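A closer look at the structure
Here are the chains, one letter per residue:
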Amino acid sequence: MTAPRAHGTVTAALAMYLAWTGATWFFDGRIETLLRPEAAGDRIVYALGVNLLLGIVGTLWLLRRFVRRDGMEVAMRSGFGPPVRTLLAAVAGLALGIASYFGQGAPSTDPAVVTNAFAQVFVVSAAEVLVCWALVGATVEAALRGKLARLATPAAAVIAAVLFGLYHFAHSAPFDTWPMVALLTVVGLVTGAFFFVSRDVLGTAIFHNFLGTFGVTQALAAAGNIGALEALQPALLGTAAVTAVVLLAGYRWVRRRR
């Protein structure tokens, strides 16, 4: 990739990151949507509008444009490889995610609670993986490859993790604090390691989502509200299912030739 083209690709990726972060602040941080249980409408807009449409579909559209312009290597680098790789990465993400959840202390072992919590954060996790790693991380890595050679991947992983941490300033409390941003940057380094090793979006989203599941269940347990997730919630499960379908369809769309 030529230097001007690489610069333009990174600029477009960062523009998407800023748009998604700005929309997150407007529909969550600005009005503290996630702190208002009664704000069902605002939650739907945040989940489906900001994350599903802008974060996921918008990023897939941008990656599709990059693939059509620069070739199938972009799809592979961005985590949209062949089905076998996706299957193996999904199994690895599930296994490592479960191990991470229980290894950190498992605030709840109730299958319904864990399922609901996983479903609740999946749309956000998928958008985070797509924007921060599949889009920004992979394009920054490609742009740095000519200058840093083997150091391009670690540098891109660090940049993606820092941007992931900073993105949380756009959220409601307690995520918009420096200690939380620092902690989530470390979480981003772990997610980035999985992404750059597996080179798969779905597997990374599953793994990353278990880290979010732990955070949700821990917060609910601390607040004494874990009982709110003891019955399976169709709305949460439906949102997660739609997210999974869109994500899987994105593999074919991004990789489709002219």
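Structural notes, computed from the coordinates. Worth saying up front: this structure is predicted, and the values here are computed from it rather than measured.

**Describing the packing of helix H8 (residues 201-223) against helix H9 (residues 234-255)**
- Running from amino to carboxyl end, H8 crosses H9 at an angle of 155°, the nearest separation of the two axes being 10 Å. With respect to their mutual orientation, H8 and H9 come out roughly antiparallel. You can see that H8 and H9 cross each other, and the crossing is right-handed. Residues Val 201, Leu 202 and Ala 205 of H8 lie in contact with H9, whose contacting residues are Leu 247, Leu 248 and Tyr 251.
- Taken together, the residues of the contact of H8 with H9 break down into six nonpolar, no polar and no charged.

**Re the nonpolar core**
- Ranked by internal contacts, the top residues of the largest apolar core, which has 68 residues, are Tyr 17, Trp 20, Ile 56, Phe 80, Leu 130, Trp 133 and Val 201.
- The element contributing the most residues to this core is helix H5 (residues 111-148), with 19 residues.
- With residues near it in sequence (within four places) discarded, Tyr 17 still touches Val 131, Cys 132, Val 136, Leu 163, Leu 166 and Tyr 167.

**As for H9**
- The end-to-end C-alpha distance of H9 is 32 Å, a good match for the 32 Å that 22 residues give at a rise of 1.5 Å each.
- When H9 is considered as a whole, its buried residues turn out to be Leu 236, Ala 240, Thr 243, Leu 247, Gly 250, Tyr 251 and Val 254.
- On its buried face, H9 sits against helix H2 (40-70), helix H3 (72-77), helix H4 (83-103), H5 and H8.

Parameters at a glance
Residues numbered from 1 in each chain as written. Predicted model: local features only at pLDDT ≥ 70, side-chain atom pairs only at ≥ 80, totals over all residues. Heavy atoms only, no water. Axes fitted to C-alpha atoms, helices over the stretch in contact; angles between N-to-C directions. Helix = DSSP H or I, 4+ residues; strand = E, 2+ residues; numbered from the N terminus. Parallel < 35°, antiparallel > 145°, perpendicular 65-115°, else oblique. Left-handed = near helix turned anticlockwise from the far one by under 90°. Contact = heavy atoms within 4.5 Å. Nonpolar A, V, L, I, M, F, W, Y, C, P; charged D, E, K, R; others polar. Core = buried A, V, L, I, M, F, W, Y, C linked by side-chain atoms within 4.5 Å. Buried < 20%, exposed > 50% of the residue type's maximum accessible area, 1.4 Å probe, protein only. Expected span 1.5 Å × (residues − 1).

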